[in-house]
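# Descriptive structure summary
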Amino acid sequence: MTVGMAAIEAKDLTKRFGGTAILRGVDISVARGEIFGLVGPSGAGKSTLLRILTGSLTPTEGTVKVLGSPPSEFKDEERRRVGFMPQGFVLYDSLSVQQNLNFVAGLYDLGGAERRRRVQEVLEFVELWEHRRKAARNISGGMRRRLQLAAAVVHEPELLFVDEPTASLDPTLRRRFWKEFEQIRKGGRTIFVTTQYVGEAELCDRVGFLVDGRLVAVGTPRELKRQAFGGEVVQLTLAGDPGHIGDCLKAVESVGHVIEIRPDERAGEAVSHVRLISQDADAALPPVMEALDGAEVRSVNLPTPSFDEVFFRLVKEHR
Ligand code: ADP
């Protein structure tokens, strides 16, 4: 493994089908050991990008390197370093859970004791060991998905591609998948996962928002929130009327701007709600408190916006 080299490096990717551009100038760099989430609505181009990254399509323009080489030119040795969990069930319905995995392990030349060890290890990991003798057709939808995940990692790939693993699963099962990804990542592996559930962006180390074939924003969840709101939001409630609070706060260096100061008498006493934006809400709090010297602070809140809201704002900006 070459230390320091990105797991995925794509530059200016464009893909056209006929005359229609499905991907437009996509740049992506994924570091080793991170969970990178490609998030976007249905039809955005996520599967097309994934098919380019896994070598089953070539880009119309641009360059792509996965583990240092163009995926469409992968040799067996490079292919073995990558795992892919596609959408839809591609294993054998009539084979048992364990037979399916034995079969896949055989494709990767795992044999004998090593194969037995890995098959058991990975079935225990996805909690299917006790169901190993059941025919794949007789296990639930969530279990089939986990069997596919097991098949994608049985050969211990360095890099795992996963296409919409949680589509149409209930929230509990979706959570469970993300826990499994977390475990795989902890083992030092890289995961590239697509999802149409915007909220799942929160669970990735870094996220790219793909809309109409364009990557409109890339960053850590926290960076994307900052980008969407121009900073982080701090909400304060103070006793009494606002007085000169606005002027005091504007003088604080770490306060980007004060969004609103709103007097409120509904609770039977006068309070003032203050919302401000800062590049780093945690760091801004001590100087803000100091500037409010003497004011009676009733509550301090650092609200975390939902990813639906973040997505909505960033997409609106780019349309
Ligand atoms: P997503 O995975 O985000 O739902 P896709 O990559 O599957 O998006 O599809 C993006 C767009 O590309 C869709 O409008 C789809 O119809 C179109 N598309 C995908 N594959 C092909 C193809 N082989 N030929 C023509 N159009 C395609």
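Attention in this report is confined to the structure presented alongside it. All residue numbers refer to position in the chain's written sequence, counted from 1. With pLDDT at 70 or above as the cut-off, local features in this predicted model cover only qualifying residues; side-chain atom pairs require 80 or more to be listed or tallied, and sums for whole chains, interfaces and linings still use all residues. The side-chain quantities take in all heavy atoms of the structure and omit both hydrogens and water.

## What about the overall build of the protein chain?
As a reminder of what qualifies: Strands here are runs of E lasting at least two residues and helices are runs of H or I lasting at least four, both read from the DSSP assignment and numbered beginning at the N terminus. Burial status follows relative accessibility: with a 1.4 Å probe on protein chains alone, a residue under 20% of its type maximum counts as buried, one over 50% as exposed, and anything between as partly exposed. Throughout, a residue-residue contact means that at least one pair of heavy atoms, one from each residue, lies within 4.5 Å. Methods summary: accessible areas were calculated by the Shrake-Rupley approach with a probe of 1.4 Å, and residue burial reflects only the protein chains presented. In this tally, Lys and Arg are treated as positive and Asp and Glu as negative; His is ignored, and so are the chain termini. Every charge is mapped to an atom, namely NZ of Lys, CZ of Arg, CG of Asp or CD of Glu.
Within the protein chain, the secondary structure is distributed over 10 helices and 13 strands. Structurally, the protein chain occupies a C-alpha span of about 75 × 50 × 35 Å along its principal axes. With 319 residues in all, the protein chain has 46% of them scored as buried. The long-range fraction of contacts in the protein chain, counting pairs at least 24 apart against all pairs at least 6 apart in sequence, stands at 70%. Here the protein chain has roughly 15700 Å² of accessible surface; of this, 48% comes from carbon and sulfur atoms. Each charge class in the protein chain was averaged separately, 43 positive and 44 negative side chains, and the resulting centres sit 9 Å apart.

## Re the site of the ligand
Quick reminder of the rule: It suffices for a single heavy atom of a residue to lie within 4 Å of a molecule or strand for the residue to be listed as near it. N or O atoms closer than or at 3.5 Å make up a polar contact, with two conditions inside protein: a donor-capable atom paired with an acceptor-capable one, and, for residues adjacent in sequence, both atoms drawn from side chains. Any residue outside Ala, Val, Leu, Ile, Met, Phe, Trp, Tyr, Cys, Pro, Asp, Glu, Lys and Arg is labelled polar, Gly included; the first ten of those are nonpolar and the last four are charged.
Taken together, Phe 17, Ile 22, Pro 41, Ser 42, Gly 43, Ala 44, Gly 45, Lys 46, Ser 47 and Thr 48 make up the full set of residues near the ligand. In this structure, Gly 43 approaches the ligand through a main-chain N or O atom, which is 2.7 Å from an oxygen atom. A distance of 2.9 Å separates an oxygen atom of the ligand from a polar atom in the side chain of Lys 46. In the complex, the protein chains occlude 59% of the 570 Å² of accessible area that the ligand would expose alone. The leading source of residues in the shell around the ligand is helix 1 (residues 46-53), at 3 residues. Residue classes in the shell around the ligand are distributed as 4 nonpolar, 5 polar and 1 charged.

## Considerations on the packing of aromatic side chains
Keep this limit in mind: Here a pair means two rings of Phe, Tyr or Trp (six-membered ring of Trp) with centres within 6.5 Å. Their orientation is stacked below 30 degrees between planes, edge-to-face above 60, and tilted elsewhere. Working rule: Lys NZ or Arg CZ, within 6 Å of ring centre, within 35 degrees of ring normal, means a charge sits over the ring.
What the rule picks out here adds up to 7 aromatic pairs. Pairing Phe 209 with Phe 311 gives two aromatic rings, centres 4.8 Å apart and planes at 90°, and the pair type is edge-to-face. Of this pair, Phe 209 sits in strand 8 (residues 206-211) while Phe 311 sits in helix 10 (residues 307-317), and the two are 102 residues apart along the sequence. Phe 209 gets classed as buried once you look at its relative accessible area, which sits at 0%. Cluster of aromatic residues (ring-pair linked, three or more members): Phe 36, Phe 161 and Phe 192. Sitting above the plane of the Trp 129 ring, Arg 132 keeps its charged end 3.9 Å from the centroid. One residue, Arg 174, lies across the ring of Tyr 197, its end atom 3.6 Å from the ring centre.

## Some words on the pattern of salt bridges
Side chains that differ in charge, positive against negative, can pair when their charged atoms come close. The test is simple: Criterion for a salt bridge: a side-chain nitrogen of Lys or Arg within 4 Å of a carboxyl oxygen of Asp or Glu.
Taken as a whole, this structure holds 25 salt bridges when the rule is applied. Across the pair Arg 298 and Glu 269 runs a salt bridge, and its minimum N-O distance is 2.3 Å. Here the residue Arg 298 occupies a position in strand 13 (residues 297-301), and Glu 269 occupies one in the loop between strand 11 (257-264) and strand 12 (271-278), the gap between them amounting to 29 residues. Here Arg 298 falls in the partly exposed class, since its relative accessible area comes to 39%. One salt bridge connects Arg 313 with Glu 309, and the closest N-O pair in it is separated by 3.2 Å. Of this pair, Arg 313 and Glu 309 both sit in helix 10, separated by 4 residues, roughly a single helical turn. Note on Arg 313: relative accessible area 35%, which makes it partly exposed.

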